[in-house]
Amino acid sequence: MAVRIGFIGCGGISRYHMGHLAKIKDAEMVAFCDVQEERARATAQEFGAANAVVFTDYKQMYKQACFDAVYVGLPPFAHEEQELIAARQGIHLFVEKPVALSMELANKVSRAVTKAGIISSAGFQDRYQDIIARLKDEVAQNPPAVFQAYWMGGMPGVAWWRRKEQSGGQAVEQTIHHFDMVRYLFGEVKSVHAVFSKGLMKDVPKYNIEDASAVNLQFKSGLCGTVFSACCLALGKNGIDIWSKQSVYEYTERTSLRIKRGNREEHFYPTGNDYGQAIDDAFIKAVQKQDQSLLKSSYPDAAKSLAIVLAANESMATGEAVKL
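Residues numbered from 1 in each chain as written. Predicted model: local features only at pLDDT ≥ 70, side-chain atom pairs only at ≥ 80, totals over all residues. Heavy atoms only, no water.

*Asks:* How would you summarise the overall build of the protein if you had to cite specific residues and measurements?
*Replies:* When you go through the protein residue by residue, the secondary structure sums to eleven helices and 15 strands. In terms of overall dimensions, the protein is globule-like: its C-alpha atoms have a radius of gyration of 20 Å, near the 20 Å expected for 324 residues. Dimensions along the principal axes, computed over C-alpha positions, put the protein at roughly 60 × 45 × 35 Å. Taking all 324 residues of the protein together, 52% fall into the buried category. The contacts of the protein with a sequence gap of at least 6 include a subset with a gap of at least 24, amounting to 68%. (Helix = DSSP H or I, 4+ residues; strand = E, 2+ residues; numbered from the N terminus. Rg over C-alpha atoms; globule rule 2.2 N^0.38 Å. Buried < 20%, exposed > 50% of the residue type's maximum accessible area, 1.4 Å probe, protein only. Contact = heavy atoms within 4.5 Å.)

*Asks:* Explain the sheet that holds strand 2 (residues 27-33) residue by residue, including any values.
*Replies:* Taken together, six strands build an open sheet; the order of strands is 3-2-1-4-5-6 and the sheet is parallel. Edge positions in the open sheet fall to strand 3 (53-55) and strand 6 (120-122), since each of these has one partner strand only. Strand-to-strand twist across the sheet, computed as the mean angle between neighbouring axes with direction ignored, equals 20°. As paired elements, strand 5 (residues 92-95) and strand 6 share three bridges and run parallel to each other. (Pairing = 2+ DSSP bridges. Axes fitted to C-alpha atoms, helices over the stretch in contact; angles between N-to-C directions.)

*Asks:* Quick rundown of the pattern of salt bridges? Include the residues and the values.
*Replies:* Taken as a whole and judged by the stated rule, the model has 21 salt bridges. In this structure, Arg 163 engages Glu 165 in a salt bridge whose closest nitrogen and oxygen atoms are separated by 2.9 Å. Residue Arg 163 is classed as partly exposed on the basis of its relative accessible area, which comes to 25%. Residue Glu 266 is joined to Arg 258 by a salt bridge in which the shortest nitrogen-to-oxygen separation is 2.6 Å. Accessibility expressed as a relative area gives 27% for Arg 258, which makes it partly exposed. Within this structure, Arg 127, Asp 180, Arg 183, Glu 188 and Asp 301 form a network of salt bridges that share partners. (Salt bridge = Lys/Arg side-chain N within 4 Å of Asp/Glu carboxyl O.)

*Asks:* Just give me the short version of the environment of Gly 169, but keep the residues and values in it.
*Replies:* Structurally, Gly 169 can be placed in the loop between helix 7 (164-167) and helix 8 (170-173). Linking Gly 169 and Asn 313, residues 144 residues apart in sequence, is a C-alpha distance of 8.2 Å. Those residues in contact with Gly 169 that lie beyond four places of it in its chain are Lys 164 and Ile 209.

*Asks:* Break down the sheet that holds strand 10 (residues 224-230) for me, with residues and values.
*Replies:* Across the sheet, which stays open at both edges, the nine strands sit in the order 14-13-12-11-7-10-9-8-15 with mixed pairing between neighbours. Strand pairing shows two members of the sheet lacking a second neighbour, strand 14 (266-270) and strand 15 (322-323), which therefore form its edges. Where strand 12 (residues 247-252) and strand 13 (residues 256-261) come together, six bridges link them in antiparallel fashion. Residue Thr 252 lies in a different strand from strand 13, and its bridge partner there is Ser 256.

*Asks:* Give a detailed account of the pairing of strand 5, specifying residues and quantitative values.
*Replies:* Neither face of strand 5 is exposed, since His 92 and Phe 94 on one face and Leu 93 and Val 95 on the opposite face are all buried. When strand 4 (residues 69-72) meets strand 5, the two strands line up parallel, connected through four bridges. From the neighbouring strand, Ala 69 faces strand 5, where its bridge partner is His 92. After leaving strand 4, the chain enters helix 4 (residues 82-88) and then returns to the sheet as strand 5, a path that is right-handed. (Right-handed = clockwise from strand over helix to strand, strands pointing away.)

*Asks:* Kindly report on the environment of Trp 160, identifying the contributing residues and their values.
*Replies:* Relative to the assigned elements, Trp 160 resides in the loop between strand 7 (144-152) and helix 7. In the structure, Trp 160 is positioned 83 residues away from Phe 77 in sequence and 8.8 Å away in space, judged by C-alpha atoms. Once you skip the residues sitting within four places of it in the chain, Trp 160 turns out to touch Pro 75, Pro 76, Phe 77, Gln 166, Ser 167 and Glu 173.

Listed below in structure tokens is the structure:
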């Protein structure tokens, strides 16, 4: 039976998912909501079913349209009641990262999702890469000693991204992919301490986020590591380097995994699957089967990754370590 889908937000990230859903025979896109009506109509015309309807008010969409699942693809600052209404109405939920800008809202939604028993997923598609399955097995067998992660490069062009109150800053909006990945690989974080630098982006109007940051993480397992962010660079680096007693793992974001052994043995694995398609395939199947275990990140799980990056922001503001 087809899963009827609504969209709140019809921008680039939603279109990313629409492209995947269009390839799934049991996915039917029936409702499209965006503050820009023309954009909602254009995406409905391109991806929607014959009976698709268009809205500029998400509350009206919930009242008037009939759908089984909703994709929420919004800028961080725009999260209000979209997820809470879905939970109250028993509508399954896919939310792009970061799922909120406050733990108050994220925890409220997590409780509502759990109480409603709906299927939920967050947009951490990196977890679905075939090379990450290999890396997760490797670090389980060869416990890491230390790691460094990097999301260092240029600044996205959308105006809200450079405003801390709207995006949360780079660690929250972008590097959260790496914070989530190290949680997925290594377990829960115990404490967070962050430092930052500013002053190189004076030519960018209305810019108030950090140019760069370094966030030290202490895991409950005892592991430590650092996650770097930078948005002021012409040339950068994106990935995670992990050292164990006998091996080094070099993960290049969404591209490849290189494994080096102490005996000079070396293996190289390019990303071999469409991980974006995989996450949407998994969500539709989970909704059909009513099986949350088919998904690698629920909304409540994504809230734990959000807690880390918000703690990093708190540490940058106070200069103190933050316990989770």
